[in-house]
Every structure is written in C-alpha cells, then in structure tokens.
Amino acid sequence: MATETAPPEAPPEEPKKKGFKFPTAFTVLFFVLIIVWLLTFIIKPGSYDYVDCGDGAAKPIPKSYHSVTVDKSFGQRLYDLWLSPVNGLYGLQPDQPSSDEDGNPLAAEKATAADLLATCKSTLAETLEVPEDQLSEQDAIDNAVVLGPKAQIGPYESGALIGAVQVFFFVLAIGAFITVTMRTGALDAGIARLVHRFKARALVLVIVLMVVFSLGGTTYGMAEETLGFYALIVPIMVALGFDRLVGAAVIMLGAGVGTLASTVNPFATGVASSAAGVELGDGIVLRVIMYLVLTAVTILFVLRYATKVKKDPAKSLTKAVAGDDELAAEGNEEPPKMTGGQTAVIWIFMLTFVLMIFSVIPWSDFSPSLESITLGWYFPELAALFLVGAIIIGLVGKLGEEGMVNGIVAGMGDFMGAALIIALARGVTVVMNNAGITDTVLNALEGVVSSLSSGLFAVVMFIVNIPLAFLVPSSSGHATLAMPIMAPLADFAGVSRAMVVTGFQSASGWVNLITPTSAIVMGGLTLAKVGYDRYIRFVTPLMVILFVLVCGFMVLGAYTPLGGTMP
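To start, this report covers the structure provided alongside it. (Residues numbered from 1 in each chain as written. Predicted model: local features only at pLDDT ≥ 70, side-chain atom pairs only at ≥ 80, totals over all residues. Heavy atoms only, no water.)

Attention shifts here to the side chain of Asn433. With respect to the helices, strands and loops of the structure, Asn433 is situated in helix α18 (residues 416–435). A polar atom in the side chain of Asn433 sits 3.4 Å from the side chain of Gln93. Once you skip the residues sitting within four places of it in the chain, Asn433 turns out to touch Gln93, Lys150, Ala151, Gln152, Ile153 and Thr438. (Helix = DSSP H or I, 4+ residues; strand = E, 2+ residues; numbered from the N terminus. Polar contact = N/O pair within 3.5 Å; in protein donor to acceptor, adjacent residues only side chain to side chain. Contact = heavy atoms within 4.5 Å.)

The structure is reproduced here in structure tokens:
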C-alpha cells in the first residue's frame, strides 16, 4: 500500500531561529500547582453547609457559605505541596462528619430547614415516595443529615479514594491494548484494504474513513494513534485527485470531531465524569446526538472542499510537494489480503470497545426491565477488560510471549505521560481542599452564575473551558483540574452535572482541533506536509460552525432531560 518510504530531498535547512516555545502540559500544571499553593496564603478558607439527602452524596447547600478556620503552619502547607502528586494518585479522604466530638448531630451554620428542603426535594420525593409539592420542612429535618466541612486528604488517612489511581491504571491498560493491536499489523492492513475497496468511489472513501476515525475519537479519544496513519492516508488522497490537506483533514478532523463529541471517551468523558461525581453514561443521549450531527457537518465540510479541489486543483490551499506524482502511481498497487489472524484481531479490537460501551451504559435508568443487563462497570473493570483484551489479541495475532509482553510494557510506557498528568492535576485539587479554599472559589463563581438562566449557564460552562483547554491540552488533565470546581456549580444553577462534563469535553475537543500546543495538530500537519497557516485558513469556517452548534446543544441539554440526570 502507498506509504511514504522514500521522501524527496528537502532543500537546505535555514538556521533555526530561537523563539518562545509553549511549555508542555506538565510544566503548565506545575506552575498552576505553585500558583494555587501560593494563593492558599491569600484566599480565606471557607465551607458550605453540606447535606446528605439520603442517597449517600454530600451536596453543598446554595447560599450557605461561611468562613472556617484551617490551622496550618508553613511547614504543613509545604508538606501538602510536596505530597500533592502522591495524594493526586492515591490520597484518601475520611467521610465528612455528621456529629460533633460528643456524638451530637451537627447543625447547619447558615442553612435553614427551608434550604435543606430545597436542596433535597427531588431525592426525598423519590425516597419517601411523596410528590415534591407535598414535602414539608419537617421531612427534610427528619431525613436529611447535615454534614461538616470536607476532611483533609492524605496517603495515610482512611476513607474514600480521592486519588486518581483507578484512572491512572486504566490509562496504562488501554495504552497496552492499543499498542499490542498496532504491533499485530491488523489495523494497518484493515485500513489498507478499506482504502483499496473504495478507490473507485473516492468521496465515499472520505466519508467511511472519517466515520472510522470519528468512532475512534468518540469511544476512546483517538489522538496520538492517528499519527501512524498519515503516511498511509495522505498519499491515497493525493492518488485519488485530492490534495494533502484533504488527507490531513480526513484524519485530524475525523478523529477530532469524534473527540469533541465524546460519548464514552475514557480520557475525557470518563475522567470528567469521575471528577464530577456522575456516571459515565449520564448525559449520553445528548452526546450521541451531538456526535451524529457534528460528525455529519464536519464530513460535509471536508467533502465540499475535496470536491472543489478534485474539479479544479488550482483551488487547493496547499501546494503539491515533490514526489506526489510518484505517490499517486504507488496508490494503484493492491494491498495484500488480510490474514485470518488479522481479521480476528480486528473483530476482537472492535468487540472490546463495544463491550466497554455496553458495560458503562446505565441500562436500568431507561427501564427497570433492563436491570439484568446493566453491568455498571467502572475504571477497575474497564482496566481489566483492556488488559485481558491485549493478551487475547497478542495470542491471536501470534506476537509470541516476548512480543506480547514487550507490546504491553511499551504501550504502558507510551501512555505513562497521560497517566502522570492525571495524578499531577488531581494533586492541585488536593492542595485546594486541604487549604479549605475550594468552597471559597465555588462561592465566588456561584455569585457569577446564580443569576444566569439554565441555558446561559450551560453555554458559559462551554466558553470558560476554552482558555483552560488551550493552557492544558491534555483532556484528562483538564478534566481532573476543572471538574471538582465547576461541577458543583451545576447544583446551584439547576442543571445536570453531566452538562458541565459535556461543556468541558466540547471545549477541549474544539480547542484541540487547532491549538499549536497540541502535538497531534502540529505533528499531523508536519507528517502531511501541510502548513499550519494553510490549515487554519481552511478550518476557520468549520470552527465557527461547530462553536455555534455546540452552544445550541448546550442550551438544549440544559432545558431537556437529554442533558442528563437533574440534581
């Protein structure tokens, strides 16, 4: 199949000019961590009144913020900073207290019985099987439990796991799974056969490839893995009469729009849902609709440009490079047929992701009759699924014991950076929690959004995540950093927390289609030999369209049950 095995001679390189180079996500998060730690000396600690409405979840009561005392020496604060990455990985947090040292039930500092009822109304109505309009303040007093401020997080505490070790190990497992699959050669062979089959129907091929890449984006956040396909897809697009920009767009925009409209992407939706305290499947109906619409719009956008270039190559935004004629000739070669083992690997690869999607969807929420097929899996089960999947694919793909083990280890190594980003980002929230300033920040933001309508709140959640996505291109790092602060704001605005997750992932995916801080964008364009300025000129109209559509979907999700479970 056409691959760029012998690139043409390049002109002599000009001396490289020294200039500003945007730091990596690790460095950005390090400075964020230091800045947040310094702010803990300035921002006054405080807490909301919290209540357990009977479902085991601690909910902040709106308008109940009050100052608290956090007695920490400079040495203790420095110790929190020092241990922040460790706490971000496996820090533990005791439950919020419900009684004082003498065993007496805690009383709210500011919240009234009416506030308790307003916060717990929907939960109490379901628990007591009483219509909401028939609930009384006494019902709230009798059934809701007032909780104290959040406890300190540390590696030697006992209680709930706050660290991201489950997500950390899951990232390593999926890295092993993808790398082992790639090493069997099945993915390359499958794509090559797909390209050859649709060679006579070029536009259909563009659609099929973009759908395939978008499925990878929406299910597992296909990103770095796409870099291996440029040497295969771009020459084929050139051979079919398109230009290199079409080849780059098929891969980059295909996978990118899928990631923007992630349905169960563990690196974006999964991490954010975990940090927001909602189920991975919560809000999935809206995300599926977004995926279908935004993917269709993106494909039509690329097809429009591809058709124009095929009819008149002079309208191409990029220039042909030396060797394109030779690549076009190579594109006529028929790829070898897939072996039985490669076909089996492709099926196992696809079925593993199908099982992942099936296992995280809360089927019983749609109908009690579906309780028997609701697996309720989460990161521990999913990590085991992909590790077992990697072993099965290694055996079926005949990598051998050593090849399979090396593939698993190499895959985990390749994804270690993303895993460490999660721990470092989670450490930032631990520093804020232990200094008692998380609720202070929430109180300030509550004042901003308290007067916003539900629809406007949802749109604001999308917009405010855009600059943060630029600073932290890692979707998992972005999610772990932002969700603990932003998700509770949905409780105050009367919007599902799942909408905050959708707003975050949409902003992250939108920015990562163009940001120069992304290795996927810059690396992909380099491999495709397409200038960044040409790509920006090409994609700008699509970015505007996607921005408007996402804002519309955010409003839709805020006002309908499509957005997720309401608080």
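We now examine the state of the cysteines. As enumerated under the stated definition, the model contains one disulfide in all. Disulfide partner of Cys53: Cys120, at an S-S distance of 2.0 Å. Judged by the sign of its S-S torsion, about -70 degrees, the cystine formed by Cys53 and Cys120 is left-handed. Of the two residues, Cys53 is situated in the loop between β2 (50–52) and β3 (58–60) and Cys120 in helix α4 (residues 113–128); the sequence distance between them amounts to 67 residues. We note that Cys53, like Cys120, is buried. (Disulfide = S-S within 2.5 Å. Buried < 20%, exposed > 50% of the residue type's maximum accessible area, 1.4 Å probe, protein only.)

Turning our attention to the sheet that holds β2. The three strands lie next to each other as β3-β2-β6, forming an open sheet whose pairing is antiparallel. Each edge of the open sheet is held by one strand with a lone partner, namely β3 and β6 (145–147). Neighbour-to-neighbour, the strand axes of the sheet open up by a mean angle of 35 degrees, direction not taken into account. (Pairing = 2+ DSSP bridges. Axes fitted to C-alpha atoms, helices over the stretch in contact; angles between N-to-C directions.)

This model, assessed by the stated rule, comprises 13 aromatic pairs. For the ring pair Phe301 and Phe538, a centre distance of 5.3 Å and an interplane angle of 50 degrees mean the geometry is tilted. A residue pair is termed long-range when its members are at least 10 positions apart, and Phe301 in helix α12 (residues 284–311) and Phe538 in helix α24 (residues 532–559) qualify at 237 residues. We classify Phe301 as buried; its relative accessible area is 15%. Looking at Phe538, the relative accessible area reads 5%, which means it is buried. Through successive ring pairs, a cluster of aromatic residues spans Phe170, Phe177, Phe349 and Phe386. Here the basic side chain of Lys310 rests over the ring of Phe242, its NZ or CZ set 5.2 Å away from the ring centre. (Phe/Tyr/Trp six-rings, centres within 6.5 Å; stacked < 30°, edge-to-face > 60°. Lys NZ or Arg CZ within 6 Å of the ring centre and 35° of its normal.)

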